[in-house]
Amino acid sequence: MSSDKRRLAGHNRIVVKIGSALLVEKGELKKDWLDALISDVVDLARGGAEMLIVSSGSIALGRGILGLPSGPLKLEESQAAAAAGQIALAKAYAEALGAHGRQAGQILLTLGDTEERRRYLNARATIGTLLKLGAIPIINENDSVATSEIRYGDNDRLAARVATMASADCLVLLSDIDGLYTAPPATDPDAVFLPEVPRITPEVEAMAGSAGSELSRGGMKTKIDAGKIATAAGTTMVITSGKAMHPLKKLDEGARCTWFPAIASTSSARKAWIGGHLEPRGEIRLDKGAVKALHSGKSLLPAGVTEVQGSFSRGDAVIMLDPDGRIIGRGLVAYDYDEARLIAGRNSREIEAIVGYPGRAEMIHRDDLVLDDAHGNENR
């Protein structure tokens, strides 16, 4: 891994995950720590990086707000704590970013939102629009409506899924430990620190200890799970301690950490996912102009569509055909079949009048399609 990639500066899109234990102490927000972190985030944004934050802390904060006792909570108590704490957490982030002239945008997700394609596209579009508008998304698990037991600190895997969904090239897990050791350092004096893990093997997984604090029970295991998700999808991950003030700045200044280099590029990983792992639910035939536009890197607009077949919903994979019926690629369609059929061949400005709401200008966005290599090379 090159030395320039061992720094946050230089990455284009960075997801920072913050655990409850770093942000909340005895039911109270650690405001000075949050302000210092946001200062680091804004500095990276000024340097050209698009920043996203995945933040735990709503339950821990809500516990203090509602006066709930320490120790395990019943599910309904956890949900109530999350509902109260999320308001305070969102306000804290909005104020901390506002002090630097930046806007926050809150997104509450469940793992299902990152797994089911339709909801995945909605969430990714929201994140993309916030970033385009210069806002910083603050993302948390939607704990107030969770239907299974809520575990503090289990946002590691959610953060990895957010990073891959947002095509981030770096995921930072701020932890109460400064990286990965060959064994839990608190209990094993012979534990060796690992500055880089080129690939997550079964041996590496075995090194993950289960130790954690009351507020952060995920331990190292969920961080290694997150690393497997992130690196396989093209996102480099780093684990470092978040205990000190300005943890991101300290990371770039050489603080101890463990890097997990991406196995593939973000674009190739997502294109492989779209191109090879989704079952097509329909076909869309294009005119020559649309085919040419796709090969020049543009999105597929409704105007270039001549025919729509199949039974698909928004977010499903469809095959794209050229005027001669040859498959040129596939993509994730932005409209249900009935709507796609109605707007085929029409100008994007007409979409709202046809479907009754201001839909997306693209039938398939360029980020959501992959072209067949053989056919694509013929047309370049």
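Whatever comes next refers back to the structure up there.
Residues take numbers from 1 onward in each chain, read along the sequence in its written order. Thresholds applied to this predicted model are a pLDDT of at least 70 for local features of residues and 80 or more for the giving and counting of side-chain atom pairs; totals over whole chains, interfaces and linings are not thresholded and use all residues. Excluded from the side-chain calculations are hydrogens and water; all other atoms, namely the structure's heavy atoms, are used.

J.: How do you make sense of the sheet that holds strand E16 (residues 369–371) when you look at a structure like this?
T.: Pairing between the strands of a sheet comes from backbone hydrogen bonds, and it takes one of two forms, parallel or antiparallel. Spatial strand order, E13-E12-E14-E15-E16: five strands in an open sheet with mixed pairing. Unpaired on one side and paired on the other, strand E13 (305–310) and E16 mark the two borders of the sheet. Averaged over all pairs of adjacent strands, the angle between their axes in this sheet comes to 20 degrees, without regard to strand direction. One requirement defines pairing of two strands: DSSP has to find at least two bridges between them. The way it works is that DSSP assigns letters per residue, a run of H or I at least four long becomes a helix, a run of E at least two long becomes a strand, and they are numbered from the N terminus. Two elements, strand E15 (residues 327–332) and E16, share three bridges in a ladder whose sense is antiparallel. Within the sheet, the bridge partner assigned to Gly-329 lies in E16 and is Leu-371. Axis geometry follows a simple rule: fit a line to the C-alpha atoms, using only the stretch in contact for helices, then measure angles between N-to-C directions, giving values from 0 to 180 degrees.

J.: I would appreciate a short explanation of the packing of aromatic side chains in the present structure.
T.: The geometry of two aromatic rings is summed up by the distance between their centres and the angle between their planes. Ring pairs shown here join Phe, Tyr and Trp side chains whose ring centres sit within 6.5 Å, with only the six-membered ring taken for Trp; geometry is labelled stacked below 30 degrees between planes, edge-to-face above 60, and tilted in between. Scanning the model with the defined rule gives two aromatic pairs in all. Measuring from ring centre to ring centre gives 5.3 Å for Tyr-181 and Phe-193, while their planes differ by 65 degrees; the resulting arrangement is edge-to-face. Here Tyr-181, found in strand E8 (residues 180–181), pairs with Phe-193, found in strand E9 (residues 193–194); they are twelve residues apart in sequence, far enough to count as distant.

J.: Is there a simple way to explain helix H12 (residues 288–295) in this structure?
T.: Structurally, the α-helix is built with 3.6 residues per turn, so residues lying three or four positions apart point the same way. Only protein chains enter the accessibility calculation, which uses a 1.4 Å probe. A residue is then buried if its area is under 20% of the maximum for its type, exposed if over 50%, and partly exposed in between. Among the residues of H12, those classed as buried are Ala-290, Val-291, Ala-293, Leu-294 and His-295. Of the residues one or two after H12, Gly-297 is the one with positive phi, at around 95 degrees.

J.: Which parts of the structure should I look at to understand the nonpolar core?
T.: Proteins that are soluble and globular tend to have nonpolar side chains buried together. Ranked by internal contacts, the top residues of the largest apolar core, which has 41 residues, are Ile-127, Val-162, Leu-171 and Leu-180. At the level of elements, strand E4 (50–55), strand E5 (104–109), helix H6 (117–132), helix H7 (155–165), strand E7 (170–175), helix H8 (202–207), helix H9 (219–232) and strand E10 (236–241) are the ones that each hand at least two residues to this core. A contact between two residues is defined here by any heavy atoms of the two lying within 4.5 Å. Once you skip the residues sitting within four places of it in the chain, Leu-180 turns out to touch Val-192, Phe-193, Leu-194, Val-197, Val-204, Met-207, Met-220, Ile-224, Thr-258 and Phe-260. The set of buried Ala, Val, Leu, Ile, Met, Phe, Trp, Tyr and Cys residues whose side-chain atoms join them within 4.5 Å is what this entry labels a nonpolar core. Listed in part, the 35 residues of the second largest apolar core include Leu-8, Ile-138, Leu-248 and Leu-251.

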